[in-house]
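What follows is the residue order along each chain.
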Amino acid sequence: MSKQTQPAQAAISVSNLNKTYENGFKALDDVSLEVKSGEIFALLGPNGAGKTTLISTICGIVRPSNGSIKVNGFDNAKDYRKARQCVGLVPQELTTDAFETVWRAVNFSRGLFGKKPNDAYLEQLLKDLSLWDKRDSQIRRLSGGMKRRVLIAKALSHEPEVLFLDEPTAGVDVELRKSMWALVGKLRERGVTIVLTTHYIEEAEEMADRIGIISHGKVILTEDKTKLMKKLGKKELVLELQSPLKKLPKGMGKLDLRLEDDGNRIVYTYESAKEENGVASLLDSLRDEGIRCKDFNTRESSLEDIFVTLVKEK
Amino acid sequence: MNIRGIASIYKFEMARMRRTLGQSLISPVISTVLYFIVFGSAIGSRISDIDGVNYGAFIVPGLMMLTMLSQSTGNASFGIYFPRFSGTIYEILSAPLSSLEIVLGYVGAAATKAMIIGIVVLATAGFFVPLEIQHPFIMMFFLVMTCITFSLLGFIIGIWADGFEKLQIIPLLVITPLTFLGGSFYSINMLPDFWQKVSLLNPVVYLVSGFRWSFYEHSDVSIMTSVTMIMVFMLVCLAIIGVIFKTGYRLKN
């Protein structure tokens, strides 16, 4: 990868970015965001939240109403050539030049970014994406998954330092999704900063270093993924009872408990990050009330649960 | 300047011409042959010389102009409209290319194609009528300027159009009638006074007239007027494209 990065700078820095479309729809509302160099940043949000508008604005496809964007320290308005040279974009839609061959399409993309031809690099890129055998095929003759990989190859053809993946695995099968995850892993090892939007929250959970959540054009949270799951994650203790309860004893009312499975199961929800989580009190109460358990297990809330809760709250 | 970027767009567009060689090259040649059979041999044999020029030879500049105008506008409008339609325009807009560089790529390719086709039409005409070009450099000047100017117009149409129907509206309803009525097949001096004056409102008259002058030193308006008009038309197109890129009209939301 070519290195134009200035030291100690965020790969992407967005400040007070607003975008209001001509029809009055406010797609971005005072968005400020930083993506660190070399990290995988997952941008999550419901449909119409502003994810694609944000990415398109950073890439120069959509004009912001106001605010500033820097890529590797280069202002994307004043120094747009340098800023854009750093960026590769894989769009959400399968927008390809149907009649072009794979080889010509990637060469075209590389040329657009002003890069010298480099057949060896492009050959390796196509091999990495299992497209080398299809290099002389017209893109329209490829499967949906292969077209998606062509878009990735085009985005990587000019050796960008920052890669935007807008819903990269939408509509692709499990096998291809996993191969894309592996590719993203490889890119991270090479130091490429990756910004990912996805509907598959498990994908973000699997790959991302940090999570940003956007809703109604506002970034409502950015957080390290592990910290986020620790901070906002909840845990459930599920107790299978020896004999069913009609209702919870009054003495246990202080705890966040619920009865399930016709009284055969007590579920206790608690915040996993808290030191004093109430499990000891629950066990004491069970003993005092003479309730006996035959089995128990615990389950943790996923990133998806956290995401749904946060978006609902906002 | 991103020369490689411009070259990429240019080569990409020229490759489309090669892919659709029949459509791009053979159909204008066939049309020209048909024009010569109908106007040159069938009807033209019964029409007397115009200003001392055989009728078949007289229509060659107009016929070239007709082909070049439609090819320039058609190629340039399709060239920029298709990526907008298919969505691949995202790549052009996100590349480190200035507005001028994008225009140079698309308009350069469209103008080149139109020039090639114009020259092919000229060569085809040579099989039917004796050709003489009195001022070859001025002929090339008009050929190049016309192709560039109408490719710029095509580029504007390709940005303005929001459907394939609109791509056809201006070429079919404006450019073709103006070309036919612009003295492609006759001298406007052959018209009654009133229609001669009306014809002078048609910008294509100046192009055909100047182009024909380069062949036979015969023109309906002075050569300098023709040169000025083509320059003015080009500047107007450039100004409109400047506004398009400044405002992001139909390119950047």
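Residues numbered from 1 in each chain as written. Chains lettered and ligands numbered in written order. Predicted model: local features only at pLDDT ≥ 70, side-chain atom pairs only at ≥ 80, totals over all residues. Heavy atoms only, no water.

**What about the domain arrangement of chain A?**
In step 1: According to the domain assignment, chain A contains domain 1 (12–229) and domain 2 (233–302).
In step 2: Computed over C-alpha atoms only, the centres of domain 1 of chain A and domain 2 of chain A are separated by 44 Å. (Domains from an automatic or database assignment.)

**What to know about the nonpolar core**
In step 1: Core analysis: the largest hydrophobic core is formed by 143 residues, its most contacted members being Phe164(A) and Phe155(B).
In step 2: Looking at this core element by element, the count peaks at 13 residues for helix H3 (residues 55–86) of chain B.
In step 3: Setting aside residues up to four positions removed in sequence, Phe164(A) forms contacts with Ile12(A), Ile55(A), Ile58(A), Cys59(A), Val87(A), Gly88(A), Leu89(A), Val90(A) and Val195(A). (Core = buried A, V, L, I, M, F, W, Y, C linked by side-chain atoms within 4.5 Å. Buried < 20%, exposed > 50% of the residue type's maximum accessible area, 1.4 Å probe, protein only. Helix = DSSP H or I, 4+ residues; strand = E, 2+ residues; numbered from the N terminus. Contact = heavy atoms within 4.5 Å.)

**A closer look at unusual backbone geometry**
Residue and element names in this part refer to chain A.
In step 1: For Asn72, which is not glycine, the phi dihedral falls at a positive 50 degrees.
In step 2: Among the secondary structure elements, Asn72 is positioned in the loop between strand E4 (66–71) and strand E5 (74–75).
In step 3: Residue Ser130 is not a glycine yet carries a positive backbone phi of 55 degrees.
In step 4: Positionally, Ser130 belongs in the loop between helix H4 (119–128) and helix H5 (144–156).

**Remarks on the sheet that holds strand E13 (residues 265–271) of chain A**
To summarise the sheet geometry, strands pair through backbone hydrogen bonds and adopt either a parallel or an antiparallel arrangement.
Residue and element names in this part refer to chain A.
In step 1: Pairing is antiparallel across the open sheet formed by four strands, whose spatial order is E12-E13-E11-E14. Each having just a single partner strand, strand E12 (257–260) and strand E14 (293–300) make up the two edges of the open sheet. Taking the axes of each pair of neighbouring strands and ignoring which way they run, one obtains an average angle of 20 degrees across the sheet.
In step 2: Sheet topology places strand E11 (residues 234–241) next to E13; seven bridges connect them, and they run antiparallel. (Pairing = 2+ DSSP bridges. Axes fitted to C-alpha atoms, helices over the stretch in contact; angles between N-to-C directions.)

**Here we look at the packing of H3(B) against helix H6 (residues 136–160) of chain B**
Residues and elements named next belong to chain B.
In step 1: Packing of H3 against H6 leaves a shortest axis separation of 7 Å and a crossing angle of 35 degrees. Note on packing geometry: the crossing formed by H3 with H6 is right-handed. Across from Met64, Met65, Met68, Leu69, Ser72, Thr73, Ala76, Ser77, Ile80, Tyr81 and Arg84 in H3, the residues of H6 making contact are Leu143, Thr146, Cys147, Phe150, Ser151, Leu153, Gly154, Phe155, Ile157, Gly158, Ile159 and Trp160.
In step 2: For the contact of H3 with H6, the per-class residue count stands at 15 nonpolar, seven polar and one charged. (Left-handed = near helix turned anticlockwise from the far one by under 90°. Nonpolar A, V, L, I, M, F, W, Y, C, P; charged D, E, K, R; others polar.)

**Observations concerning the pairing of strand E10 (residues 218–224) of chain A**
On a regular strand, each side chain points to the face opposite its neighbour's, so the side chains alternate between the two faces of the sheet.
All names here are of chain A.
In step 1: Taken together, the six bridges between strand E9 (residues 210–215) and E10 define a ladder with antiparallel strand orientation. Its bridge partner lying in E10, Ser215 is registered against Lys218.
In step 2: Remark: two residues form the turn of the hairpin made by E9 and E10, two consecutive strands paired antiparallel; His216 in that turn has positive phi of roughly 50 degrees.

**Considerations on the packing of helix H1 (residues 3–19) of chain B against helix H2 (residues 21–43) of chain B**
Residue and element names in this part refer to chain B.
In step 1: Across the interface, H1 lies against H2 with an axial gap of 4 Å and an inter-helix angle of 70 degrees. By the criterion of interaxial angle, the relationship of H1 to H2 is roughly perpendicular. Contacts between H1 and H2 involve Met17, Arg18 and Arg19 on the former and, on the latter, Leu21, Ser24 and Leu25.
In step 2: Grouping the constituent residues of the contact of H1 with H2 by class yields three nonpolar, one polar and two charged. (Parallel < 35°, antiparallel > 145°, perpendicular 65-115°, else oblique.)

**Structural notes on the interface of chain A and chain B**
In step 1: On the side of chain B, 29 residues touch chain A, which itself brings 30 residues to the contact.
In step 2: Of the roughly 2600 Å² buried where chain A meets chain B, counting both sides, 55% is carbon and sulfur surface.
In step 3: The tally of links between chain A and chain B comes to two salt bridges.
In step 4: Applying the counting rule to chain A against chain B returns eleven residue pairs in polar contact (both at pLDDT 80 or more).
In step 5: Secondary structure elements with two or more residues in the side of chain A that touches chain B: helix H2 (80–85), helix H3 (102–112) and H5 of chain A.
In step 6: Here the side of chain A that touches chain B gets five residues from one element, more than from any other, and that element is H3(A). (Buried area = accessible area lost by both parts, 1.4 Å probe. Salt bridge = Lys/Arg side-chain N within 4 Å of Asp/Glu carboxyl O. Polar contact = N/O pair within 3.5 Å; in protein donor to acceptor, adjacent residues only side chain to side chain.)

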